[in-house]
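Residue-level structural notes
Spelled out from the first residue to the last, the chains are:
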Amino acid sequence: MGRATEVTQRAARKTLRDDRRDPGPEDGPSGVPADGDGGRAAGGDGSGETPASDGDDGGIPASGADAPASGEGGGRRPRRRMLRWAAAALALLLLGSAGAGYVYYRHLNGNIKQNPLNLGDGKVAEPTPNAAGQTPLNILLIGSDARDSKENQELGGARETFGSTPLADVQMLLHLSADRTNMSVISMPRDTLVRIPKCTDPEDGTVYEASNGRTMTNQSLGHGGPGCTVATWQELTGIHIDHFVMVDFAGVVSMADAVGGVPVCVDANILSRNSRGHGSGLKLPEGTHPVKGEQALQWLRTRYGFEDGSDLARAKAQHMYMNSLARELRENATLSSPNKLRRLAEEATRALTVDPGLDTVKKLYDLSNELRKVRPERITMTTMPNRYVGARVEPTGDADQLFRLVRDDIALDGKDEEPARAEKAAEEAAEEEKGAASAEPAAPDAEIAVQVVNGTRTDTLAAASGRASTVAGLLHEKGFTGTSADTAGSLNEQLTLVRYPSTDLESNALRVAESLGVPESSVRRSTGVSGVTVVVGADWREGTEYEAPEQDDTTPESAEALNGADDSACMKVDPNYTWS
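Model, not experiment: these values are computed from the prediction.

For the rest of this paragraph, the subject is the overall build of the protein chain. The helix and strand inventory of the protein chain stands at 14 helices and 23 strands. Taking all 580 residues of the protein chain together, the buried fraction comes to 54%. In the protein chain, once contacts between residues fewer than 6 apart in sequence are set aside, the share between residues at least 24 apart is 76%. Within the structure as shown, the protein chain displays about 24600 Å² of accessible surface, and the carbon and sulfur contribution to it stands at 48%.

Counting residues in hydrophobic clusters, the biggest one holds 53 residues, and the most contacted among them are Ile139, Val266, Leu284, Trp299, Phe306 and Tyr321. Looking at this core element by element, the count peaks at eight residues for helix α8 (residues 311–331). Residues within four places of Val266 in sequence aside, it is in contact with Leu284, Pro285, Glu286, Gly287, Trp299, Phe306, Cys570, Met571 and Val573. Residues Met188, Trp233, Phe403 and Leu405 belong to the second largest nonpolar core, which totals 28 residues.

Bringing helix α7 (residues 293–301) into the picture now. The element α7 is largely enclosed, with a buried count of seven among its nine residues. Those residues of α7 that sit buried are Gly293, Ala296, Leu297, Gln298, Trp299, Leu300 and Arg301.

Turning our eyes to something else, we now look at the packing of aromatic side chains. Enumeration over the complete set of coordinates arrives at three aromatic pairs. Ring geometry for Trp299 versus Phe306: centroids 5.0 Å apart, planes at 65 degrees, classification edge-to-face. Of the residues examined, Phe306 reaches a relative accessible area of 0% and is grouped as buried. Ring centres of Tyr304 and Tyr577 lie 6.3 Å apart, and the angle between their planes is 20 degrees; this geometry places the pair in the stacked category. With Tyr304 in the loop between α7 and α8 and Tyr577 in the segment after β23 (562–563), this residue pair connects regions lying 273 residues apart in the sequence. Each member of the pair Tyr304 and Tyr577 is classed as buried.

In total, this model carries three cavities of 30 Å³ or more according to the counting rule given. Lining the largest cavity are 13 residues, and of these Asp169, Met188, Asp311, Ala315 and Gln318 lie nearest its centre. Among the secondary structure elements, those contributing two or more residues to the lining of the largest cavity are β3 (168–176), β4 (183–188) and α8. A breakdown of the residues in the lining of the largest cavity according to their chemical character gives five nonpolar, three polar and five charged.

Turning our attention to the environment of Ile112. For Ile112, the location among the structural elements is in the loop between α3 (99–111) and β1 (113–114). For Ile112, a relative accessible area of 9% puts it in the buried group. Residues Ile112 and Thr353 lie 241 residues apart in sequence; the distance between their C-alpha atoms is 6.3 Å. For Ile112, the contacting residues outside a window of four places in its chain are Thr349, Leu352, Val354, Leu358, Asp359, Thr360, Val361 and Leu364.

Before going further, it helps to examine helix α11 (residues 397–407). Of all eleven residues in α11, nine are buried; the element is thus mostly enclosed. Burial in α11 covers these residues: Gly397, Ala399, Asp400, Gln401, Leu402, Phe403, Arg404, Leu405 and Val406. A positive backbone phi angle near 60 degrees is found at Asp409, which sits one or two residues after α11.

Okay, the state of the cysteines next. Summed over the entire model, instances satisfying the criterion amount to two disulfides. Linked covalently through their sulfurs, Cys199 and Cys228 form a disulfide whose S-S length is 2.2 Å. Every disulfide takes its handedness from the sign of the S-S torsion; for Cys199 and Cys228 that torsion is 80 degrees, giving right-handed. Separated by 29 residues along the polypeptide, Cys199 in strand β6 (residues 199–200) and Cys228 in helix α5 (residues 226–237) bring together distant segments of the chain. Classification of Cys199 as buried rests on a relative accessible area of 0%. The partner cysteine of Cys265 in its disulfide is Cys570, sulfur to sulfur 2.0 Å. Here the disulfide of Cys265 and Cys570 is left-handed, its torsion about the S-S bond being about -75 degrees.

Within the fold, Ser211 resides in the loop between β7 (207–208) and β8 (215–216). Engagement of the side chain of Ser211 in a polar contact is seen with the backbone oxygen of Gly213, the distance being 3.0 Å. In this structure, Ser211 is in contact with Val194, Arg195 and Ile196, ignoring residues within four places of it in sequence.

Another point: the packing of helix α13 (residues 467–477) against helix α14 (residues 506–516). Their axes nearest at 11 Å, the elements α13 and α14 cross at an angle of 100 degrees. One way to sum up the angle between α13 and α14 is to call them roughly perpendicular. On α14, the residues that touch Val471, Leu474 and Leu475 of α13 are Val512, Ser515 and Leu516. In terms of residue class, the contact of α13 with α14 is built from five nonpolar, one polar and no charged.

We now examine the pairing of β4. The two faces of the sheet receive side chains in turn, since in a regular strand these alternate between them. Within β4, six of the six residues are buried, which leaves it mostly tucked inside the rest of the structure. Side chains Met183, Val185 and Ser187 of β4 all project onto a buried face; the interleaved residues Ser184, Ile186 and Met188 project onto the opposite face, where all are buried too. Two elements, β3 and β4, share six bridges in a ladder whose sense is antiparallel. What sits directly across from Leu176, in β4, is Met183. In this structure, the hairpin formed by β3 and β4 is closed by a connection of six residues, where Arg180 is found at a positive phi of approximately 60 degrees.

Moving on, we get to the pattern of salt bridges. Considering all chains together, one arrives at 21 salt bridges under this definition. The partner of Asp311 in a salt bridge is Arg190, with the nearest N and O atoms 2.8 Å apart. In this pair, Asp311 sits in helix α8 while Arg190 sits in the loop between β4 and β5 (193–194), placing the two residues 121 residues apart along the sequence. When sorted by exposure, Asp311 lands in the same class as Arg190, which is buried. Between Glu377 and Arg375 there is a salt bridge whose closest N-O contact spans 3.3 Å.

To summarise the sheet geometry, strands pair through backbone hydrogen bonds and adopt either a parallel or an antiparallel arrangement. If you trace the five strands from one edge of the open sheet to the other, you get β19-β18-β22-β20-β21, paired in mixed fashion. Looking at which strands have only one partner, the edges of the open sheet turn out to be β19 (483–490) and β21 (523–525). Looking at each pair of strands side by side, their axes are set apart by 25 degrees on average, direction ignored. Sheet topology note: the strand β20 (residues 497–500)/strand β22 (residues 532–536) ladder contains three bridges and is antiparallel. Across the sheet, Leu497 pairs through a bridge with Val535, a residue of β22. Contacting β18 (450–454), β19 and β22, α13 crosses the sheet at an angle of about 170 degrees to β19.

Here is what the cut-offs are and how they apply
Residues numbered from 1 in each chain as written. Predicted model: local features only at pLDDT ≥ 70, side-chain atom pairs only at ≥ 80, totals over all residues. Heavy atoms only, no water. Helix = DSSP H or I, 4+ residues; strand = E, 2+ residues; numbered from the N terminus. Buried < 20%, exposed > 50% of the residue type's maximum accessible area, 1.4 Å probe, protein only. Contact = heavy atoms within 4.5 Å. Areas by Shrake-Rupley, 256 points an atom, 1.4 Å probe, with all protein chains shown as cover. Core = buried A, V, L, I, M, F, W, Y, C linked by side-chain atoms within 4.5 Å. Phe/Tyr/Trp six-rings, centres within 6.5 Å; stacked < 30°, edge-to-face > 60°. 1 Å grid on protein atoms, 1.4 Å probe; cavity = no way out; pocket = protein on both sides within 12 Å on 5 of 7 lines; lining within 4 Å. Points joined across faces, edges and corners; volume = space filled by probe spheres on them. Nonpolar A, V, L, I, M, F, W, Y, C, P; charged D, E, K, R; others polar. Disulfide = S-S within 2.5 Å. Polar contact = N/O pair within 3.5 Å; in protein donor to acceptor, adjacent residues only side chain to side chain. Axes fitted to C-alpha atoms, helices over the stretch in contact; angles between N-to-C directions. Parallel < 35°, antiparallel > 145°, perpendicular 65-115°, else oblique. Pairing = 2+ DSSP bridges. Salt bridge = Lys/Arg side-chain N within 4 Å of Asp/Glu carboxyl O.

So far we have only geometry, and geometry alone does not tell us how the molecule works.
As structure tokens, then:
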């Protein structure tokens, strides 16, 4: 061991001894090595149906280790001593460069499981840095319903599914703004119908072809692993995803135990169990109560008993838990003992499956430092706007708007400052001009093959007759003689879009959009088309001149946004699942 390391560790041990003689607050999780994970799983209702797992966030948003300790009087040590304690503990647990410290650090890293980030063929461009050189951070949180161990089987129920292909039953995209002032979370219901792209299993090379039509998004995990869930999200949203974090049932319980109780609220007594034995088993009296361990998992999994018994209600309960956890970590951000800190590190690292960009304790710790910069009042939880298609759901036009806000790094709480927006717009314009100069030139108009589809159908209106043929004729007049109209059916698109399947056709798609007056923001890559495709949206139901609608930067009401500082939120209990 080098002399510098020996001196550092000796000083750290002395600090620990001093602080043990001055006892401080007893509980309160550290945001140290465990923060910045997320994506708790949850799982089936033990029903024998397709199992429903539920993940939460984990110690993700705002660990708050930088928040003031409460009640510093009455024998509690001041903030300065707490920070000295934390630094000493970190030095011993994480930063030892030789001897036992280094061995333990290697041990923690060995606990972390990893998988490739993206198993699909498609890629999404990374966002443009702001004036300070910062870029947003997008992390996909995945909850797996795997029944691949005795512990997961006991927690998840549905015994007939033991060893079956796991499902990504909880999917949440966490977006951290470039300037680190705000955070947005979008939950996608597990039964959302999407097109899963072609994915290749990194372990055995199995190729899973793109889904024929739309299928439930939770099946993406079985197409080679979490990297296929990432690929599915990127294709649907156009949002570049930097990392994923996945957790299973056992991981939720161990992490919830290590972190401690998180207060949740129900407006009536609840027992999530019906006459056939279906349900999470959650039993709570009316009011606000702390949950941890297996009871926290039950809360995150509960569908039967909350509101209408749907996955949408379950996502709302998960958002309440995440917000409450963020507040708890910030309000009670204290450390208690090396053993508690060590346990938190052990449970966090064992619970996670991550991409290679998060495969060490240091990387997770660095991520937690970024996430905890956001205060709870700037955290916004949302559910992807959707509509029912039979027993399933599909994204609506409001979902497209929500995805655009995240792509453009616009805060969902509406508190972005106007000067910052103007600066961002100028940066994007300069970047677009630079990109246009360096991109491959488009083919001559007459050589660009274009297909036009009628997408003017809405929830309340039938498709406008003949729109594909009309716009195809307009393109012919403009010199795009390789244009054809698809009159076989109609789609439901709020905005007029130009889609293209691969990078080599991007310039052609941009040229078509330019000729129609469609903004560049409506030109999107999609493996759901075979060539440049114009989808005439509900915003162009008549006429031959397209006028792009005024851009709305407000969060859609259908996203059911919940602010992280709202401690009054309470789940509505279905009267059929109450007790007295």
